[in-house]
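What follows is the residue order along each chain.
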Amino acid sequence: MPRGISAAFRRSLEEPRSDDYPVILLEISHESLSNPIRVANDVVSYSYQNNTYIGFPFEFEIVGDSEQVPRGQLRIQNVDQRISDAVLSLTTPPRVDLLIFASSDFSETLVDGVRPSIETDPVPEYSARHLIFGNITVDVVAIAGEIKSFDMSNEPWPAPRTTADRLPGLEP
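Residues numbered from 1 in each chain as written. Predicted model: local features only at pLDDT ≥ 70, side-chain atom pairs only at ≥ 80, totals over all residues. Heavy atoms only, no water.

Engineer: Hey, could you run me through the pairing of strand β3 (residues 45–48) in this one?
Structural biologist: Successive side chains on a regular strand alternate, one facing one side of the sheet and the next facing the other. Both β3 and strand β8 (residues 114–116) contribute to a ladder of three bridges, which runs parallel. If you follow Tyr46 over to β8, its bridge partner there is Arg115. Looking at chain direction, β3 and strand β4 (residues 51–55) are connected through three bridges and run antiparallel. Counted as the bridge partner of Tyr46 is Tyr53 from β4. A loop of two residues connects β3 with β4, the two strands running antiparallel in sequence, and Gln49 in this loop sits at a positive phi of about 50°. (Pairing = 2+ DSSP bridges. Helix = DSSP H or I, 4+ residues; strand = E, 2+ residues; numbered from the N terminus.)

Right under this line is the structure:
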């Protein structure tokens, strides 16, 4: 399923003198974390759905829509060691949600150092949710890893089988 970007947003980004730019919000969550890690790919923090995304630049390769399992790359600078410590303490891969908005969806005025969204709930131009952050490497410079979606092709199908032993009432 292709993830379309609106024509208006695309034109705004391609315009030479546009004031609009993409705002990228990233959330890393795991059942072992007391609070998800929320960062914005900017030096300014953003507020979206009553959550604050801390301004913290990162690099990513957007998840593709090919016939293969959608994959991308994520690299977060290891400036704040709390992020690497939290990720390294996990025993299973964390989940990642990636959202891209137009900067015009957020106020230019900072409120307590945060740019709030203009609308109550702006619609992202691009979203990739429930991704898995795996193959993680951490060094003094960055946390890097692969982001991918759940691979349904590795799951047995049909998972539960209807057999006389499991459901004797269905057999004549």
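Once the structure has been displayed, the description carries forward.
Engineer: Please clarify how helix α2 (residues 81–88) should be interpreted in this entry.
Structural biologist: For the α-helix, the turn length of 3.6 residues means that residues three or four positions removed from each other point alike. Restricting attention to buried positions, one finds in α2 the residues Ile83, Ser84, Ala86 and Val87. Seen along its axis, α2 keeps its buried residues to an arc of 160°; they face one direction. In α2, the exposed residues that point more than 90 degrees away from the buried face are Gln81, Arg82 and Leu88. Contact partners of the buried residues in α2: β2 (37–40), β9 (126–138) and β10 (142–148). (Buried < 20%, exposed > 50% of the residue type's maximum accessible area, 1.4 Å probe, protein only. Arc of directions from axis to C-beta. Contact = heavy atoms within 4.5 Å.)

Engineer: Which parts of the structure should I look at to understand the environment of Gln73?
Structural biologist: Following the sequence through the fold, Gln73 ends up in strand β6 (residues 71–77). Separated by 72 residues in the primary sequence, Gln73 and Gly145 have C-alpha atoms spaced 5.9 Å apart. Non-local contacts of Gln73, meaning those with residues more than four positions away in its chain, are made with Glu59, Phe60, Glu61, Gly145, Glu146 and Ile147.

Engineer: Please clarify how the pattern of salt bridges should be interpreted in this entry.
Structural biologist: Between side chains of opposite charge, pairing is possible as soon as their charged atoms come close. Using the criterion set out here, one finds four salt bridges in the structure. A salt bridge links Glu27 to Arg38; the shortest N-O distance between them is 2.8 Å. Of this pair, Glu27 sits in strand β1 (residues 22–29) while Arg38 sits in strand β2, and the two are 11 residues apart along the sequence. Take Glu27: its relative accessible area is 12%, and that puts it in the buried class. In this structure, Arg71 and Glu146 form a salt bridge, with 3.1 Å as the shortest nitrogen-oxygen distance. Taken together, the residues Arg71 in strand β6 and Glu146 in strand β10 connect sequence positions 75 residues apart. (Salt bridge = Lys/Arg side-chain N within 4 Å of Asp/Glu carboxyl O.)

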